[in-house]
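In case you want the letters, here they are:
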Amino acid sequence: MNKLIRINQIRFLFLALFKEIIREPGVLFWGIGFPILMSVGLGLAFTQKTDTVRKVAVIIESHTIQNDELKMETISFLDQFGKIDSKGSENLFPYKLTVNDSVLGKNIFMFGRMAWSDAIINLKRGNINLIIIDKKNRAEYHFDPLNPDAQLCYLKLKKLSTHEDLSAIENESEIKPLTVNGMRYIDFLVPGLIAMGVMMACMWGISYGIIEKRGKKLLRRMVATPMKRSHFLIALIGVRLSMNILESLILFIFTYFVFGISILGSLLALIVLFIAGNISFAGIAVFISARTSNTEIGNGLINAIVMPMMILSGIFFSYHNFPDWSIPILQILPLTMFAGGLRSIFLEGGGIKQIALPTLILITIGGVFFGVGLKFFKWH
Amino acid sequence: MLILIFMNKFVIEVKNVFKSFKDVEAVRGIDLNIPEGQFVAVLGPNGAGKTTLVEMIEGIQKPDRGEILLFGKTWKDNETELRQLIGISLQETRFIDKLTVYETLRLFASFFDLKRDRVCEIIELTGLEEKQKAYTVNLSGGQRQRLALGLALLNEPRILLLDEPTTGLDPTARREVWAILNKLKEKPDASMILTTHYMEEAEQLCDQIIIVDQGRILKSGRLDELLDANNKNLDDLFISLTGRHLNEQTDQD
């Protein structure tokens, strides 16, 4: 009777917990639908060449205004190219300059004359990128130097102002687009989304599931039977791993057909790393749900773990954008290691050798957190 | 001779048990012996220490002092064995929302290595035939309580521990639960402890009544032993013992 493993218990626990998930439409949407929607949104945004519209406020100092008409001496290139279309006074930005580019997409600059105070309000609201002030035939460019889009706008306008012929800067021949598979933003994004999906699913699925069951006194009720406690955790983690495989597969298949995402590296390495990632986050999930039975506290704890990693682990953009001193810290975050490992397999053709270290670290992290979590685990 | 000795033994022995939570003394030196086949009601107001006492007997809480034996064995080294012999129903248990009544019973049956036949018997016993495919989240309070009772009865327990099994139920639902429990009395080897603050429930279901308040046993015995000319019912008795009505709240948990 006192067998180490009772298959029947695990089987029925697995089935019950699996049904609990698949019968909840919200869980299916957030687990499967949402990552796909995110990949579609971000994938289309970063794989399609779109027109870029940048709005610029022009402040004309009083000495340059003649007969109440806009006379923009400092941006005289607009007149030179004859591309300004006046759309009427009701339009805040009636002056348009279009720079055609078959490689980078159209750049459309919209200019509007306004008072300094209005320009500042528009800048604060994100309606404009840049303010140009005419100071006796010398342009002054005002923008947030930490805003990369404003910087780009300034550089482009500066370049436009120094060229006589607009066609000279259109379709620049030195730009050779790198759009082969594996080098696009979507290629960078998908492994990150898979890693993030595993983290979110483990943290919410396991942690929240345990906390909620403890709060409902269901854990207490279950352990008041001969149910083996380890079997409950095995089933809970097993169900989550199965769901994570399913969710990741669906995301991969979708992006394979829509964006042509492919796996360049070893499939075996991918499986090993995927399991290691699940172990790591399952361990952390058990640890943070070890004591509390309050779902609001659980919410806070889970968010405290997932939010920093979502932002700092290089899921949507490289973590190398953060200050140099923080990079060694960010590199040891489980999500950074997991996403980095997946990217090395997806994009760089990585194999077991490349993922051996992150796999080992992820399993160790999972094991340590799981062990400590179990030590303090409150069943009642 | 040996068989007779075993039969005379108490199935539950509570020996001078104390339990505190921070600065609240929930149970203060309770002694209790329950022989096989006896149905016992632990009657007391909210906060009297009933739940703490029963949870210690269930092995969910550990006493700070004293000893609890079930079939002469402590929880410490015999948990696996004792879990096979008891059935419990906690106060306010909820189930997995999106699992049906049948699936919930099947899950708990797997913990005892029981097959689907036993699940069907329990569904019939608790009158949940029409609700066996309903999600537990959609059950009424009475149906949920019958399911909780069904889970407690799955393994045909030798000791049944029910913590306020009818609290919050309407009179009809309460009588349905009583009807199920009355059927159990037909089994001579089944013992039961039931906590309640309903006098009628104690009178209807139990052979022995233990009145507790502020973590202590005030009085115990059969109903006819407890009542007399001055105390015509249990509420009168409780007032004479404590100066309060049974349904008044106390400060203790």
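Residues numbered from 1 in each chain as written. Chains lettered and ligands numbered in written order. Predicted model: local features only at pLDDT ≥ 70, side-chain atom pairs only at ≥ 80, totals over all residues.

## Side note on the overall build of chain B
Helix and strand counts for chain B come out as 10 helices and 9 strands. The C-alpha atoms of chain B give a radius of gyration of 18 Å, which matches the 18 Å a tight globule of 253 residues would have. Expressed along its principal axes, the backbone C-alpha trace of chain B runs to roughly 50 × 45 × 40 Å. Burial analysis of chain B (253 residues in total) assigns 43% to the buried set. Long-range pairs, those at least 24 residues apart, make up 69% of the contacts in chain B between residues at least 6 apart in sequence. (Helix = DSSP H or I, 4+ residues; strand = E, 2+ residues; numbered from the N terminus. Rg over C-alpha atoms; globule rule 2.2 N^0.38 Å. Buried ≥ 20, exposed ≤ 12 C-beta atoms within 10 Å, placed from the backbone. Contact = placed C-beta atoms within 7 Å.)

## A short note on the sheet that holds strand S1 (residues 10-21) of chain B
Residues and elements named next belong to chain B. Strand order across the open sheet formed by 3 strands is S2-S1-S4, with antiparallel pairing between neighbours. Whereas interior strands pair on both sides, the edge strands pair on one side only; in this sheet they are strand S2 (24-35) and strand S4 (65-70). Taking the axes of each pair of neighbouring strands and ignoring which way they run, one obtains an average angle of 15° across the sheet. Across 5 bridges, the pairing between S1 and S4 is antiparallel. By the bridge assignment, Ile12 is partnered in S4 with Leu70. (Pairing = 2+ DSSP bridges. Axes fitted to C-alpha atoms, helices over the stretch in contact; angles between N-to-C directions.)

## Regarding the interface of chain B and chain A
On the chain A side, the residues contacting the 22 residues of chain B number 20 residues. The element best represented in the side of chain B that touches chain A is helix H4 (residues 101-111) of chain B, accounting for 6 residues. Here the residues of the side of chain B that touches chain A are counted per class, giving 10 nonpolar, 4 polar and 8 charged. (Nonpolar A, V, L, I, M, F, W, Y, C, P; charged D, E, K, R; others polar.)

## Here we look at the confidence of the model for chain B
Residue and element names in this part refer to chain B. With 94% of its residues at a pLDDT of 70 or more, chain B shows a mean pLDDT of 87. When mean pLDDT is compared element by element in chain B, H4 scores highest at 97, while helix H1 (residues 2-8) scores lowest at 45. Here the predicted complex scores 0.80 on pTM and 0.87 on ipTM. (pLDDT = per-residue confidence, 0-100.)

## A few points about helix H7 (residues 171-184) of chain B
All names here are of chain B. In this model H7 runs 20 Å from its N-terminal to its C-terminal C-alpha over 14 residues, within 8% of the 20 Å that 1.5 Å per residue would give. Buried within H7 we find Arg174, Val177 and Leu181. Each buried residue of H7 sits inside an arc of 65° when the element is viewed along its axis, so together they form one side. Within H7, the exposed residues directed more than 90 degrees away from the buried face are Thr172, Ala179, Asn182 and Lys183. Contacts made by the buried residues of H7 are with helix H6 (141-153) and helix H8 (199-205). (Expected span 1.5 Å × (residues − 1). Arc of directions from axis to C-beta.)

## Section: unusual backbone geometry
Residues and elements named next belong to chain B. Look at Asp113: it is not a glycine, yet its phi comes out positive at around 60°. With respect to the secondary-structure elements, Asp113 resides in the loop between H4 and helix H5 (116-125). Positive phi values are uncommon outside glycine, yet Gln214 reaches one of about 50°. By the secondary structure assignment, Gln214 is in the loop between strand S8 (208-213) and strand S9 (216-221).

## With respect to the sheet that holds strand S3 (residues 39-43) of chain B
Residues and elements named next belong to chain B. One open sheet accounts for 6 strands, arranged S5-S6-S7-S3-S8-S9; its pairing is mixed. The open sheet has two edge strands, strand S5 (86-89) and S9, and neither has a second partner. Averaged over all neighbouring strand pairs, the angle between strand axes comes to 15°, with direction disregarded. Both S8 and S9 contribute to a ladder of 5 bridges, which runs antiparallel. Bridge pairing in S9 places Ile209 opposite Gly221. Helix H2 (residues 50-57) contacts S3, strand S6 (159-163), strand S7 (191-196) and S8 of the sheet and is inclined by roughly 155° relative to S7.

## Describing the confidence of the model for chain A
All names here are of chain A. In this model, chain A carries an average pLDDT of 84, and 86% of its residues clear a pLDDT of 70 or more. When pLDDT is averaged over each helix and strand of chain A, the minimum, 52, is found for helix H3 (residues 77-81) and the maximum, 96, for helix H9 (residues 267-288). Here residues 64-74 is modelled with pLDDT under 50, and outside its nearest four sequence neighbours on either side it reaches 19 contacts, counting other chains as well.

## Side note on the nonpolar core
Grouped together as the largest cluster of nonpolar side chains are 137 residues, with contacts concentrated most on Ala195, Met199 and Met203 of chain A together with Ala41 and Ile210 of chain B. Here the element with the most residues in this core is helix H6 (residues 185-215) of chain A; it accounts for 18 residues. Not counting residues within four places of it along the chain, the set of residues in contact with Ala195 of chain A comprises Gly277, Ile315, Leu335, Phe338, Ala339 and Leu342 of chain A. (Core = buried A, V, L, I, M, F, W, Y, C linked by C-beta atoms within 7 Å.)

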